Amino acid sequence: MPGWFRRKPRITEEVYGKLVTSFGRVVDLDPLISRPAEALAKKVTAEETGLAQAIDGRLYPGAAHYHLRLLAGSWIMAQEGSVPVATAEIFEEAVAWKFGPLAPGAANLPHRLSTLARGEAARDARQD
């Protein structure tokens, strides 16, 4: 029954701006958050270079990477207990809301990053 009646948060530019500002102030201060967040954002933008470039073209250069890095930081913080998991979930939906109208399929990027950040994706254990 949990989740049946969950409604998605109402996202506005103001709400989105507050989330980005809040995580922008915190994520880069701690290397134990910023470095893994950077790696996750790089992985997702490398997987979907075309979408990342389309987002950057509609916002500003590096926008996709920046917003995904902050999202990754929110998931790392949620896993360590410094923010509620619900906050990272809301931020995921907010980034998808922001990216969605920018390019077809762009809303998938934050969901892909979140899947990786939560450890729900298969890992590549190859040693190249």
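See the structure printed just above.
Presented here is a report on the structure given in the accompanying data block. This structure is a prediction, so every number in the text was calculated from the model and none was measured. (Residues numbered from 1 in each chain as written. Predicted model: local features only at pLDDT ≥ 70, side-chain atom pairs only at ≥ 80, totals over all residues. Heavy atoms only, no water.)

1. Regarding the packing of aromatic side chains
Part 1 of the reasoning: Inspection of the entire model under this criterion finds three aromatic pairs.
Part 2 of the reasoning: Between Y16 and W97, the ring centres sit 6.2 Å apart and the planes meet at 45°, which makes this aromatic pair tilted. Residue Y16 is located in helix α1 (residues 13-26), and its partner W97 is located in helix α5 (residues 85-99); the two are separated by 81 residues in the primary sequence.
Part 3 of the reasoning: Given a relative accessible area of 3%, Y16 falls into the buried group.
Part 4 of the reasoning: Centroid distance F23 to F91: 5.0 Å. Interplanar angle 15°. Geometry classified as stacked. In this pair, F23 is assigned in helix α1 and F91 in helix α5, connecting sequence segments 68 residues apart.
Part 5 of the reasoning: Every member of this aromatic cluster is reached through a ring pair, and the members are Y16, F23, F91 and W97. (Phe/Tyr/Trp six-rings, centres within 6.5 Å; stacked < 30°, edge-to-face > 60°. Helix = DSSP H or I, 4+ residues; strand = E, 2+ residues; numbered from the N terminus. Buried < 20%, exposed > 50% of the residue type's maximum accessible area, 1.4 Å probe, protein only.)

2. Remarks on the pattern of salt bridges
Part 1 of the reasoning: Applying the stated rule across the entire model yields nine salt bridges.
Part 2 of the reasoning: Between E13 and K98 there is a salt bridge, with the nearest N and O atoms lying 3.0 Å from each other. On the criterion of sequence distance, the pair formed by E13 in helix α1 and K98 in helix α5 is long-range, its members being 85 residues apart.
Part 3 of the reasoning: On the accessibility criterion, E13 (48% relative accessible area) is partly exposed.
Part 4 of the reasoning: Looking at K98, the relative accessible area reads 17%, which means it is buried.
Part 5 of the reasoning: The network of salt bridges with common partners includes D28, E38, K42 and R69. (Salt bridge = Lys/Arg side-chain N within 4 Å of Asp/Glu carboxyl O.)

3. With respect to the packing of helix α2 (residues 31-47) against helix α6 (residues 108-117)
The packing of two helices is summarised by the inter-axis angle and the distance between the axes.
Part 1 of the reasoning: It is the contact of α2 with α6, at a shortest axis distance of 10 Å, that shows an interaxial angle of 135°. One finds that α2 runs oblique with respect to α6. The handedness of the crossing between α2 and α6 comes out as right-handed. Residues L40, A41, K43, V44 and E47 of α2 form the contact with α6, whose own contacting residues are L109, R112, L113, L116 and A117. (Axes fitted to C-alpha atoms, helices over the stretch in contact; angles between N-to-C directions. Parallel < 35°, antiparallel > 145°, perpendicular 65-115°, else oblique. Left-handed = near helix turned anticlockwise from the far one by under 90°. Contact = heavy atoms within 4.5 Å.)

4. Comments concerning the nonpolar core
Part 1 of the reasoning: F23, F91 and F99 are the most contacted members of the largest nonpolar core, which has 37 residues in total.
Part 2 of the reasoning: When residues of this core are traced back to their parent elements, those giving at least two are α1, α2, α3 (49-58), α4 (63-80), α5 and α6.
Part 3 of the reasoning: Among all residues touching F99, those that are not within four sequence positions of it are I55, A64, H67, L68, A106, A107, L109 and P110. (Core = buried A, V, L, I, M, F, W, Y, C linked by side-chain atoms within 4.5 Å.)

5. Considering α6
The periodicity of an α-helix, 3.6 residues per turn, causes residues three or four places apart in sequence to face the same way.
Part 1 of the reasoning: What α6 keeps buried is the set L109, P110, L113, S114, L116 and A117. All buried residues of α6 fall inside an arc of 160° around its axis, so they share one side.
Part 2 of the reasoning: Looking one or two places after α6, you find G119, whose phi comes out positive at around 75°. (Arc of directions from axis to C-beta.)

6. Some points on α1
Part 1 of the reasoning: A rise of 1.5 Å per residue sets the reference length of α1, with its 14 residues, at 20 Å; its end C-alpha atoms lie 20 Å apart and thus fit the reference within 8%.
Part 2 of the reasoning: Turning to α1, its buried residues are Y16, L19, V20 and F23. Summarising the axial view, the buried residues of α1 lie within an arc of 95°, below the 170-degree limit, and thus occupy one face. Residues of α1 that are exposed and point over 90 degrees away from its buried face: E14, K18 and R25.
Part 3 of the reasoning: Packed against the buried residues of α1 are α4 and α5. (Expected span 1.5 Å × (residues − 1).)

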